[in-house]
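# Structure assessment
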Amino acid sequence: AQSVSQHNHHVILSEAASLELGCNYSYGGTVNLFWYVQYPGQHLQLLLKYFSGDPLVKGIKGFEAEFIKSKFSFNLRKPSVQWSDTAEYFCAVITYNQGGKLIFGQGTELSVKP
Amino acid sequence: DTEVTQTPKHLVMGMTNKKSLKCEQHMGHRAMYWYKQKAKKPPELMFVYSYEKLSINESVPSRFSPECPNSSLLNLHLHALQPEDSALYLCASSQDTGGYNEQFFGPGTRLTVL
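Keep in mind it's a predicted model, so treat the numbers as computed, not measured.

### Digging into the overall build of chain A
- Along its length, chain A carries zero helices and twelve strands.
- Helices and strands appear in chain A in the N-to-C order β-β-β-β-β-β-β-β-β-β-β-β.
- Principal axes of the C-alpha set define a box for chain A whose edges measure 45 × 30 × 20 Å.
- Taken over 114 residues, chain A has a buried fraction of 49%.
- Partitioning the contacts of chain A with sequence separation of at least 6, the portion at a separation of at least 24 is 56%.

Have a look at this one:
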């Protein structure tokens, strides 16, 4: 069965620090990859997505992610975090033959200290 | 309009009540989803509707009954729920279930079962 693992359960950073959140998936076929963010009290929003092409994708709010097929990874990065980036971050995977089933990682809670 | 709306925002119900959650999208999407999310956990897929037909039921108890009256609307009928069913119920939609489309999430209905 497919699975997604996020390496960090809770990350605490100071403002202006750099961020990297790890995400690995287990599936040998073609996948599409997503990072969603859930700010406190708000709904899930798409940060960025990878379908094909350039493995370095840029999303909203200065986030980017790199797809490394050989490592089955899709890590999220941001050079300099802000207090407003405090949120829960979910990596997710979907494959073509699963009827639209989106598989989520367990999530990483990011706390940014002002 | 890239919005998925859900009503009500909050719902408190007793274990013998019958209630319904409503979800609406006007993006012309033909796939709609119900997820359940517990605090600090990722969304768990419950049901998928593709072209108004139920295509995936993730072994959800029969006290949850989905309905898709038309391509824009999705309901979740609730009956004889248990306190452990208290959670945030999310609706999502995508262009179809082909696996290469992002899912847009609504704000959710926070359900409390007493």
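### A few points about the pairing of strand E2 (residues 10–13) of chain B
Residue and element names in this part refer to chain B.
- Only one face of E2 is buried, namely the one carrying Leu11 and Met13, since none of His10 and Val12 on the opposite face is buried.
- Two elements, E2 and strand E11 (residues 109–113), share four bridges in a ladder whose sense is parallel. Of the residues in E11, the one forming a bridge with Met13 is Val113.

### Considerations on the sheet that holds strand E7 (residues 64–70) of chain B
Residue and element names in this part refer to chain B.
- Taken in spatial order, the four strands of this open sheet run E1-E3-E8-E7, and their pairing is antiparallel. Among the strands making up the open sheet, the edge pair consists of strand E1 (4–7) and E7. The average angle at which neighbouring strand axes cross in this sheet is 20°, direction not considered.
- Relative to strand E3 (residues 18–25), E1 is paired through four bridges, and the arrangement is antiparallel. Bridge pairing in E3 links Thr5 to Glu24.

About the thresholds
- Throughout this document, residue positions are counted from 1 along each chain, in the order its sequence is written.
- Each chain is given a letter, starting from A, and each ligand a number, starting from 1, according to the order in which they appear as written.
- Reporting of local features is limited, given that this is a predicted model, to residues whose pLDDT is at least 70; pairs of side-chain atoms are given and counted only at 80 or more, and all residues count toward the totals for whole chains, interfaces and linings.
- Side-chain numbers come from the whole structure's heavy atoms, not from hydrogens or water.
- Note on conventions: DSSP H or I runs of at least 4 residues are helices, E runs of at least 2 residues are strands, and numbering of each starts at the N terminus.
- Relative accessible area decides the class of each residue, using a 1.4 Å probe on protein chains only: under 20% of the type maximum gives buried, over 50% gives exposed, and in between gives partly exposed.
- Contacts between residues were defined by any pair of non-hydrogen atoms, one from each residue, lying within 4.5 Å.
- Any two strands are treated as partners once DSSP identifies two or more bridges connecting them.
- Orientation is described by axes fitted as lines to C-alpha atoms, over the contacting stretch for helices, and by angles from 0 to 180 degrees between their N-to-C directions.

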